Amino acid sequence: LYFFGIGTNITAFVLFVFYEFLQRLCPIILNGGDNLLKFIMLYMIFINSYKYFSINKSNNSTPLNNLITNLAGYSICIHLCLAYFFSAIHKIHADVWFNGIATYYTLSLERFRGTSFNLDLAKNGFLVTISTYITILIELSYPFLIWFKRTKLLMIISAILLHVSIYVLMMIYDFQLVFIFVQGFFLSNRFWLNFVSNIKMLIYAKKN
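Below is a short write-up of the structure. (Residues numbered from 1 in each chain as written. Predicted model: local features only at pLDDT ≥ 70, side-chain atom pairs only at ≥ 80, totals over all residues. Heavy atoms only, no water.)

It is worth spelling out helix H9 (residues 173-182) at this point. Where H9 is concerned, the buried positions are Gln-176, Val-178, Phe-179, Ile-180 and Val-182. Where H9 is buried, its residues contact helix H2 (32-44), helix H3 (63-92) and helix H8 (149-170). (Buried < 20%, exposed > 50% of the residue type's maximum accessible area, 1.4 Å probe, protein only. Helix = DSSP H or I, 4+ residues; strand = E, 2+ residues; numbered from the N terminus. Contact = heavy atoms within 4.5 Å.)

And the structure:
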């Protein structure tokens, strides 16, 4: 119902409540992605996200509604920035990250061995050092550079590449998907409308 925009914000509220119950029933298996997703769902209760790509299109564009929607949207973006920032601060104060060897341990552990060449990557000292410090650099710079037009796309691509690499190499799936999808909140409605329009034109061209 939420995916198709049926019930709009009421459905969003019900979905958030049920997701909260689910998390409380399964606290042991939760991760940072689940935590971020819970807050995103909370913010989405207040967002009018049903104007486009929805079965029940909502045209409730009053000044108050637009203000609440924008505030909730910015809350999601700021929450993501804070998640990156405090993650980077925590890494800086951890010896393995500060000394540039953190990815060696993650690539060496069997639990995170997503590919057959993880161990080969772990043996490459240059790659281990670079990947460790680049991770910190992305997380530390993202909360500041994402707000500027000239560096926004660079930060989004960097974050996506970071999470895709973790997805592939370390088999941490849902966590990475949440952080990848949230990058879309930093792109304007015009971007997504043009994107969908271009996809439709491409599909139409192939059919004809």
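Another point: the nonpolar core. Among the nonpolar cores identified, the biggest contains 20 residues, and Leu-80, Tyr-142 and Phe-186 are the most heavily contacted of them. Taken together, the elements giving at least two residues each to this core come down to H2, H3, H8 and H9. Ranked by the residues each element gives to this core, the list is headed by H3, at six residues. Those residues in contact with Phe-186, other than ones at most four positions away along the chain, are Cys-77, Leu-80, Cys-81, Tyr-142, Ile-146, Trp-147, Lys-152 and Ile-156. Formed by seven residues, the second largest nonpolar core is a distinct cluster that contains Leu-107, Ala-122, Ile-138 and Ile-166. (Core = buried A, V, L, I, M, F, W, Y, C linked by side-chain atoms within 4.5 Å.)

Here we come to the environment of Leu-67. Among the structural elements, Leu-67 can be located in helix H3. Remark: the alpha-carbon pair of Leu-67 and Phe-85, spanning 18 residues in sequence, is separated by 26 Å.

Considering only enclosed or pocket space, the largest pocket measures out at about 2000 Å³ in volume. Lining the largest pocket are 49 residues, with Met-44, Ser-49, Gly-184, Phe-185 and Trp-192 sitting closest to its centre. At the level of elements, helix H1 (8-25), H2, H3, H8, H9 and helix H10 (189-207) are the ones that each hand at least two residues to the lining of the largest pocket. Counting residues per element, the lining of the largest pocket draws most heavily on H3, at seven residues. By volume, the second largest pocket is sized at about 950 Å³. Surrounding the second largest pocket, 39 residues form its lining, Thr-135, Leu-162, Ile-166, Met-170 and Gln-176 being those nearest its centre. (1 Å grid on protein atoms, 1.4 Å probe; cavity = no way out; pocket = protein on both sides within 12 Å on 5 of 7 lines; lining within 4 Å. Points joined across faces, edges and corners; volume = space filled by probe spheres on them.)

Glancing now at unusual backbone geometry. Across residues other than glycine, the phi torsion is negative in most instances, and most of the peptide bonds are trans. One non-glycine residue, Thr-8, lies in the positive phi region at around 45 degrees. Tracing the sequence through the fold places Thr-8 in helix H1. Its relative accessible area of 25% is what places Thr-8 among the partly exposed residues. With phi around 55 degrees, Met-171 is a residue other than glycine that occupies positive phi space. Relative to the elements of secondary structure, Met-171 occurs in the loop between H8 and H9.

Moving on, we come to a nonpolar patch on the surface. A surface patch of nonpolar side chains, amounting to about 710 Å² of accessible area, comprises Tyr-52, Phe-53, Phe-191, Trp-192, Leu-193, Phe-195, Ile-199 and Ile-203. As for its position among the elements, Trp-192 is in helix H10. (Patch = residues over 30% accessible without salt bridge, like charges linked within 9 Å, V, L, I, M, F, W, Y side chains within 5 Å. Areas by Shrake-Rupley, 256 points an atom, 1.4 Å probe, with all protein chains shown as cover. Salt bridge = Lys/Arg side-chain N within 4 Å of Asp/Glu carboxyl O.)

With that out of the way, let us pick up H2. For H2, which comprises 13 residues, the first-to-last C-alpha distance of 18 Å matches the rise-based estimate of 18 Å (1.5 Å per residue) to within 8%. Buried within H2 are the following residues: Gly-33, Asp-34, Leu-36, Lys-38, Ile-40, Met-41, Tyr-43 and Met-44. For H2, the elements touching its buried residues are H1, H3 and H9. (Expected span 1.5 Å × (residues − 1).)

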